[in-house]
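Structural characterization, general
Residue-level listing of the chains:
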Amino acid sequence: GESVGLHLPTLSVQEGDNSIINCAYSNSASDYFIWYKQESGKGPQFIIDIRSNMDKRQGQRVTVLLNKTVKHLSLQIAATQPGDSAVYFCAENIRNGNNRLAFGKGNQVVVIP
Amino acid sequence: EPEVTQTPSHQVTQMGQEVILRCVPISNHLYFYWYRQILGQKVEFLVSFYNNEISEKSEIFDDQFSVERPDGSNFTLKIRSTKLEDSAMYFCASSEGGSPTAYGYTFGSGTRLTVV
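Residues numbered from 1 in each chain as written. Chains lettered and ligands numbered in written order. Predicted model: local features only at pLDDT ≥ 70, side-chain atom pairs only at ≥ 80, totals over all residues. Heavy atoms only, no water.

**Some remarks on the overall build of chain A**
Cut-off, in case you're wondering: Secondary structure counts use DSSP, requiring at least four H or I residues in a row for a helix and at least two E residues in a row for a strand, with both numbered from the N terminus. Relative accessible area decides the class of each residue, using a 1.4 Å probe on protein chains only: under 20% of the type maximum gives buried, over 50% gives exposed, and in between gives partly exposed. Contacts are assigned to residue pairs with any non-hydrogen atoms lying within 4.5 Å of each other. In these tables, accessible area is a Shrake-Rupley quantity obtained with a 1.4 Å probe, and a residue counts as shielded only by the protein chains included in the view.
Counting its secondary structure elements, chain A contains zero helices and eleven strands. Each helix and strand of chain A, ordered N terminal to C terminal, gives the series β-β-β-β-β-β-β-β-β-β-β. The buried share of chain A, taken over its 113 residues, is 46%. Taking contacts inside chain A between residues at least 6 apart in sequence as the whole, the part at least 24 apart equals 52%. With an accessible surface of roughly 5400 Å², chain A has 45% of that area assigned to carbon and sulfur atoms.

Pasting the structure below:
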């Protein structure tokens with residue numbers, strides 16, 4: 001089966017601090033993972049992705065870490081800004097002949113000015 | 001930047017009524033998807049569509065649901081007889097290719113469906 005879930009429902013962080021959001025997945029065949037950001041009233045927006053042959057990938061202020069041994073994914077946001085307040089979802093690419101994304105439940109990040 | 005457009009943004013309907021949710025995918029995209037998100041829960045896959053047919057559907061996508069690409073620009077989700085539990089945010093997405101690893105998905109802003 002597929003199960004992508006997040007450990008913490010809400011993360012409150014001071015502006016300027018770093019944020020870490022964690023995600024567990026259970027499908028060992030998944031080969032691609034994405035972090036999405038969802039602001040209120042909007043659809044999921046792509047933040048960063050990582051393929052299963054990588055352990056780490058960096059973007060602008062964001063880093064994704066993948067630990068395939070324990071099926072764990074994390075998103076690190078450096079110097080968190082008020083605009084980072086949103087719900088963050090991890091998603092995995094389920095490969096079963098077709099391709100589709102399976103999303104985790106979501107983790108609310110609240111940035112305190 | 002190209003966008004996926006969904007209309008309406010909010011739809012209120014009586015239980016048992018039919019609703020049609022509309023999406024205009026990005027023009028050069030070939031793969032289309034519907035997802036839904038019940039309030040406070042995760043985004044769930046409903047259906048994928050390519051070459052005028054369903055590629056894959058989830059167990060949620062039962063006989064009450066159907067999708068259609070009636071012309072070259074619209075992609076619709078129809079719920080034949082709505083139930084209270086159909087209340088959710090429905091997201092349309094499109095991609096240029098079938099693999100998100102190569103092409104990624106672009107999501108619309110969603111239609112909030114409220115069944116009363």
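**Comments concerning the interface of chain B and chain A**
Just so we agree on the cut-off: Accessible area, probed at 1.4 Å, shrinks when two parts are joined; the buried area is that loss added up over both. Side-chain atoms alone can form a polar contact between residues adjacent in sequence; in general such a contact is a pair of N or O atoms within 3.5 Å, and within protein one must be able to donate a hydrogen while the other accepts it. The classification used treats Ala, Val, Leu, Ile, Met, Phe, Trp, Tyr, Cys and Pro as nonpolar, Asp, Glu, Lys and Arg as charged, and all other residues, Gly among them, as polar.
Facing the 20 residues of chain B at the interface are 19 residues of chain A. A buried area of about 1700 Å², summed over both sides, lies between chain B and chain A, and 55% of it is on carbon and sulfur atoms. At the surface where chain B touches chain A, the tally comes to two residue pairs in polar contact (both at pLDDT 80 or more). Among the secondary structure elements, those contributing two or more residues to the side of chain B that touches chain A are strand E4 (31-37), strand E5 (43-50) and strand E6 (53-57) of chain B. Ranked by the residues each element gives to the side of chain B that touches chain A, the list is headed by E4(B), at three residues. Class assignment of the residues belonging to the side of chain B that touches chain A gives a composition of nine nonpolar, nine polar and two charged.

**Quick look at the state of the cysteines**
For clarity, the cut-off: Disulfide assignment relies on a single distance test, namely cysteine sulfur atoms paired within 2.5 Å.
Considering all chains together, one arrives at two disulfides over all chains under this definition. Between the sulfur of Cys23(A) and that of Cys90(A) lies a disulfide, 1.8 Å long from S to S. In this structure the cystine formed by Cys23(A) and Cys90(A) twists about its S-S bond by roughly 55°; its chirality is therefore right-handed. Note that Cys23(A) is positioned in strand E3 (residues 19-25) and Cys90(A) in strand E9 (residues 86-95), a separation of 67 residues in sequence. Comparing Cys23(A) with Cys90(A) shows no difference in burial state: the two are buried. Disulfide partner of Cys23(B): Cys92(B), at an S-S distance of 2.0 Å. What sets the handedness of the Cys23(B) and Cys92(B) disulfide is the S-S torsion sign, and at about -65° it is left-handed. Placement of the pair is Cys23(B) in strand E3 (residues 19-24) and Cys92(B) in strand E9 (residues 88-95), with a sequence separation of 69 residues. Accessibility assignment for this pair places Cys23(B) and Cys92(B) in one class, buried.

**Let's talk about the environment of Asn74(B)**
Residues and elements named next belong to chain B. Counting through the fold element by element, Asn74 comes out in the loop between strand E7 (65-68) and strand E8 (75-79). Once residues lying within four places of it in the same chain are set aside, the contact partners of Asn74 are Cys23, Val24, Glu68 and Arg69. A polar side-chain atom of Asn74 sits 3.4 Å from a polar atom in the side chain of Ser73.

Interpretation in functional terms is not warranted from these geometric data alone.
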